[in-house]
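Residue strings, one per chain:
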Amino acid sequence: MSLSGRRMGEGRQQRGVPVWERLLLRGRRGSLRGMPGGGSRARAQRSLFGLLVHAWLWASSGSSAQVFNLSLSVDEGLPPDTLVGDIRAGLPASQQQEGGGFFLSEDSDDSPLLDDFHVHPDTGIIRTARCLDRELRDHYSFVAATLLGAVVQVEIRVNDVNDHSPRFPRDSLQLDVSELSPPGTAFRLPGAHDPDAGLFSTQGYTLVQSSDLPKNPGGPFFQLRYGTPGSLPSLPLEPLDLVLLRRLDREELAAHELLIEAWDGGIPRRTGRLLVELRVLDENDNPPIFEQGEYRAVVREDAQPGAEVCRVRATDRDLGPNGQVRYSVRARQVPGAGGGGGGPVGDAAYFTVEELSGVVRVQRPLDREAQAWHQLVVEARDGGVEPEIATVRVSVAVLDVNDNPPAIHLLFLTEGGATRVSEGAGPGDYVARVSVSDADGDPEKEEEVTGELGVGLGGGSISLSLEGGEGAFALRPGGPPGVFFLCVEGPLDRESRDLYELRLVATDSGSPPLSTVETLLLWVADLNDQPPRFSQEHYQASVSEAAAPGTAVVWVSASDADEAGTDHARLRYALFQLLTLCNPEALSPSAECEPSFTINPESGVISTIRTLDRETQETIELRVVAQDLGEPPLSATCLVSITVDDVNDNEPIFRRQVYNATLAEHAPVGHCFLQVSAHYG
């Protein structure tokens, strides 16, 4: 141990000299410092002086110094001049009454011993020189020697008192928590630090205040979860988590203020507090709500497109885009129950709603004689990523005016009643039943009037014509007056044309005549009539024989002209290896030309499944089949040629293991007497 000698009661240290050479004789301040000269002379004097002291102590104590131990303790925070102990208590009883004072040697050159304690040079009484702080220094050690050679090793421990409160790294923090966070979600919080030790360090946490409503039947929203004190009591209890007990609802309470108190084990205990400001982040958990359960409105049948019918309004309690409501008319409407019945066009075709304002407007001309009232389903959709949707029924009554145009009624005879026809339909197949009527006169006598009109195709009171379709469709009489059938007239090919816009025009014989035009968008439904087609009939590729199994070699691609997204256009690939000759010389007696490639059935990527050997098989011929998932399935094939590139993976091999030769002793220089040959495997 390197010691720094001090005269007891003096404030200066003598450094760099061994412990026994730094034990200074009791005397006045400056007895050593005051020596004349400096540098090497002073050092020489100090060494000589130390040797004299050492020799004197050795002679006083016999053959060796007696060493005793003394342990003292004092609480931190006590006022200066507090009694700590007596060095003589460390000596045997027989030596405690002997006078002569002590010599002091500290445990390090920078020890603050004499800055923090007063040690009486004669009595050995130790008192504090100032208020001690255990968190700055928790122990002191020094050596005291008597003139008779007895040595006392003194240890002073500073006892901890509860003079520090737990303290969080910050006074407050903010947490953003989604209102959809499930119960049990934990949010990590910074722990409190208390520099005190043992029970005086941080012992636990308490949630002393929250923004929960009093007497809430659902109970509190949060609780704390933390660890237990460890082997290092000055460290905070980790981890400290704020645990969610039940779901939050931003619309009920948008923010929570939580006061977390950390406490130690002192009596009375000290505390530190952390304010947690918890903001509940909005999620799209509330659907729009209409102000009315159903809206009713009236509109004249001669109202022009764009005329306002009514206004619907819905509100959403969410914030931002989650609470922004946009309106639309649902395309699929329930059939109307008006005087004319819900026509095949559907109620939604007659009205539109402004996306932001919710104003319902007329979109196309109305006809009370065809339909006396309409029922719409208006959707309110918020702006969430997964939007919430609410619907409301809007009933619109059409007020009669004296226009009485002809009415056209459509009834689709296709599968499911959809506005589509299969491309496999042949000439004469029915698409829709079309009936026309004129509501002039008493609506209750419409059937009788229709019968008296003698409606016929182009020759009666109401004529019906078909526009568009380019000859693919035609109207045929349906038997009763005013009834027609829309039929297939020519071949259909969805791949050439998948949508026909047909216009049915009904014209009465009035003066001036009134006409009704019905536009029909007729989709052609797909059949699995198109086989797959490869982008190339013959693919060529190469791959190194050093390629690892799984290496992608070539990508084959096929397309299907049938409707995308259906099984008719979904393709699966299969791989067939054609008979390919192998190099018989490179094969071992038990080796075979095994399959070396596989294909991804969905992507068409051909990759290796084992290590290749060009010397065994240099070229591989594969046939790829692309087959759709239609019923029945259609397929196409292509040829794939793969060349295996050589790498230097075979060493030369001599054709013979031993060569024997005979050479005449008089053979001239340069005479060839043996030829060896090697080849690569």
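Since we're looking at a predicted model, the values are computed, not measured.

Enquirer: How should I be thinking about the pattern of salt bridges in this particular structure?
Expert: Where charged atoms from two side chains of opposite charge approach closely, those side chains can pair. Tallied over the entire structure, the rule returns 23 salt bridges. Among the ionic pairs, arginine 313 bridges to glutamate 291, the shortest N-O distance being 2.9 Å. Taken together, the positions of arginine 313 in the loop between strand 18 (308-311) and strand 19 (314-315) and glutamate 291 in the loop between strand 16 (289-290) and strand 17 (294-300) put the pair 22 residues apart, joining distant regions of the chain. Taking the relative accessible area as the measure of exposure, arginine 313 reaches 45% and is therefore partly exposed. Residues glutamate 467 and arginine 503 are paired through a salt bridge, measuring 2.2 Å at the closest nitrogen-oxygen approach. One end of the pair, glutamate 467, is in strand 28 (residues 463-467); the other, arginine 503, is in strand 31 (residues 499-507), and 36 residues separate them in sequence.

Enquirer: Quick question: what am I supposed to make of the sheet that holds strand 10 (residues 186-189) here?
Expert: The pairing of strands in a sheet happens through backbone hydrogen bonds and is either parallel or antiparallel. The three strands are arranged 10-13-12 in an open sheet whose pairing can be described as antiparallel. Of all the strands in the sheet, the pair left with one neighbour each is strand 10 and strand 12 (222-225). Looking at each pair of strands side by side, their axes are set apart by 30 degrees on average, direction ignored. Where strand 10 meets strand 13 (residues 240-244), four bridges bridge the pair, whose relative direction is antiparallel. Within strand 13, the position partnered with leucine 189 by the bridge is leucine 240.

Enquirer: Please explain the nonpolar core as it appears in this structure.
Expert: Among soluble globular proteins, nonpolar side chains are generally buried collectively. By size, the foremost hydrophobic cluster in this structure holds 27 residues, and its most contacted members are Phe290, Val309, Val312, Tyr327, Phe351, Val360 and Val394. Sorting the residues of this core by element identifies strand 17, strand 18, strand 20 (325-329), strand 21 (351-353), strand 22 (359-362), strand 23 (373-382) and strand 24 (389-399) as the ones contributing at least two each. If one sorts the elements of this core by residue count, strand 24 sits on top with five residues. With near-sequence residues (within four places) excluded, phenylalanine 351 lies in contact with Val309, Val329, Val360, Arg361, Val362, Gln363, Leu366, His374, Leu376 and Val396. Counting 25 residues, the second-largest nonpolar core is a separate cluster that includes Ile408, Ala472, Phe473 and Leu522.

Enquirer: Can you help me understand the packing of aromatic side chains in this one?
Expert: We describe a pair of aromatic rings using the distance from one ring centre to the other and the angle between the two ring planes. Inspection of every chain in the model, using the stated rule, returns nine aromatic pairs. Measuring from ring centre to ring centre gives 6.4 Å for phenylalanine 221 and phenylalanine 222, while their planes differ by 50 degrees; the resulting arrangement is tilted. Measuring from ring centre to ring centre gives 6.4 Å for phenylalanine 290 and tyrosine 327, while their planes differ by 50 degrees; the resulting arrangement is tilted. Taken together, the residues phenylalanine 290 in strand 16 and tyrosine 327 in strand 20 connect sequence positions 37 residues apart. With a relative accessible area of 12%, phenylalanine 290 lands in the buried category. Exposure remark for tyrosine 327: the relative accessible area of 7% places this residue in the buried category. Cluster of aromatic residues (ring-pair linked, three or more members): Phe168, Tyr205 and Tyr226. Between arginine 269 and the ring centre of tryptophan 263, over which it is positioned, the NZ or CZ distance is 4.6 Å. Directly above the ring of tyrosine 350 sits arginine 364, whose terminal nitrogen or CZ lies 5.3 Å from the centroid.

Enquirer: How should I be thinking about the confidence of the model for the chain in this particular structure?
Expert: Any residue range with low pLDDT should be treated as having predicted coordinates unsuitable for detailed reading. On average, residues of the chain score 78 in pLDDT, and 78% of them reach the 70 mark or higher. Residue range residues 441-460 is modelled with pLDDT below 50. Its contacts to residues more than four positions away, or to other chains, number 24 contacts. Scored below 50 in pLDDT, residues 587-591 shows three contacts in the model against residues more than four places distant or in partner chains.

Enquirer: Help me out: how do you make sense of the side chain of glutamine 530 in this one?
Expert: Following the sequence through the fold, glutamine 530 ends up in the loop between strand 32 (515-525) and strand 33 (533-534). Every residue in contact with glutamine 530, bar those within four places of it in the chain, is listed here: Asp493, Glu495, Asp560, Ala561, Asp562, Asp628 and Leu634.

Enquirer: Even after reading the chapter, I still don't get a nonpolar patch on the surface, so can you show me in this structure?
Expert: Among the surface-exposed residues, Phe654, Leu663, Phe673, Leu674 and Val676 lie close enough to one another that they form a single nonpolar patch of about 470 Å² accessible area. Looking at the element boundaries, leucine 663 is found in the loop between strand 42 (652-654) and strand 43 (678-680).

Enquirer: What's the story with unusual backbone geometry in this structure? I'm lost.
Expert: Look at the link from isoleucine 267 to proline 268: it is a cis peptide, with omega at -5 degrees. Tracing the chain through its elements places proline 268 in the loop between strand 14 (255-264) and strand 15 (271-281). Between glutamate 631 and proline 632 the backbone carries a cis peptide bond, its omega angle lying at -5 degrees.

Enquirer: Help me understand the environment of threonine 608 in this model?
Expert: Tracing the backbone shows threonine 608 in strand 39 (residues 605-608). Separated by 61 residues in sequence, threonine 608 and alanine 547 place their C-alpha atoms 8.0 Å apart. Those residues in contact with threonine 608, other than ones at most four positions away along the chain, are Ala548, Pro549, Gly550, Thr551, Val553, Ser596 and Phe597.

Enquirer: Sorry if this is basic, but what is going on with the environment of proline 190 here?
Expert: By the secondary structure assignment, proline 190 is in the loop between strand 10 and strand 11 (202-209). On the accessibility criterion, proline 190 (25% relative accessible area) is partly exposed. Through-space distance from the C-alpha of proline 190 to that of leucine 274 is 9.4 Å; in sequence the pair is 84 residues apart.

Enquirer: Before we go on, may I ask you to explain the sheet that holds strand 25 (residues 406-412) in this structure?
Expert: Reading across the sheet, the four strands line up as 25-27-30-29 and stay open at both edges, with antiparallel pairing between neighbours. Unpaired on one side and paired on the other, strand 25 and strand 29 (473-477) mark the two borders of the sheet. For this sheet the average axis-to-axis angle between neighbouring strands, irrespective of direction, equals 25 degrees. Pairing geometry for strand 25 and strand 27 (residues 430-438), over seven bridges, is antiparallel. By the bridge assignment, proline 406 is partnered in strand 27 with aspartate 438.

Rules used in this analysis
Residues numbered from 1 in each chain as written. Predicted model: local features only at pLDDT ≥ 70, side-chain atom pairs only at ≥ 80, totals over all residues. Heavy atoms only, no water. Salt bridge = Lys/Arg side-chain N within 4 Å of Asp/Glu carboxyl O. Helix = DSSP H or I, 4+ residues; strand = E, 2+ residues; numbered from the N terminus. Buried < 20%, exposed > 50% of the residue type's maximum accessible area, 1.4 Å probe, protein only. Pairing = 2+ DSSP bridges. Axes fitted to C-alpha atoms, helices over the stretch in contact; angles between N-to-C directions. Core = buried A, V, L, I, M, F, W, Y, C linked by side-chain atoms within 4.5 Å. Contact = heavy atoms within 4.5 Å. Phe/Tyr/Trp six-rings, centres within 6.5 Å; stacked < 30°, edge-to-face > 60°. Lys NZ or Arg CZ within 6 Å of the ring centre and 35° of its normal. pLDDT = per-residue confidence, 0-100. Patch = residues over 30% accessible without salt bridge, like charges linked within 9 Å, V, L, I, M, F, W, Y side chains within 5 Å. Areas by Shrake-Rupley, 256 points an atom, 1.4 Å probe, with all protein chains shown as cover.

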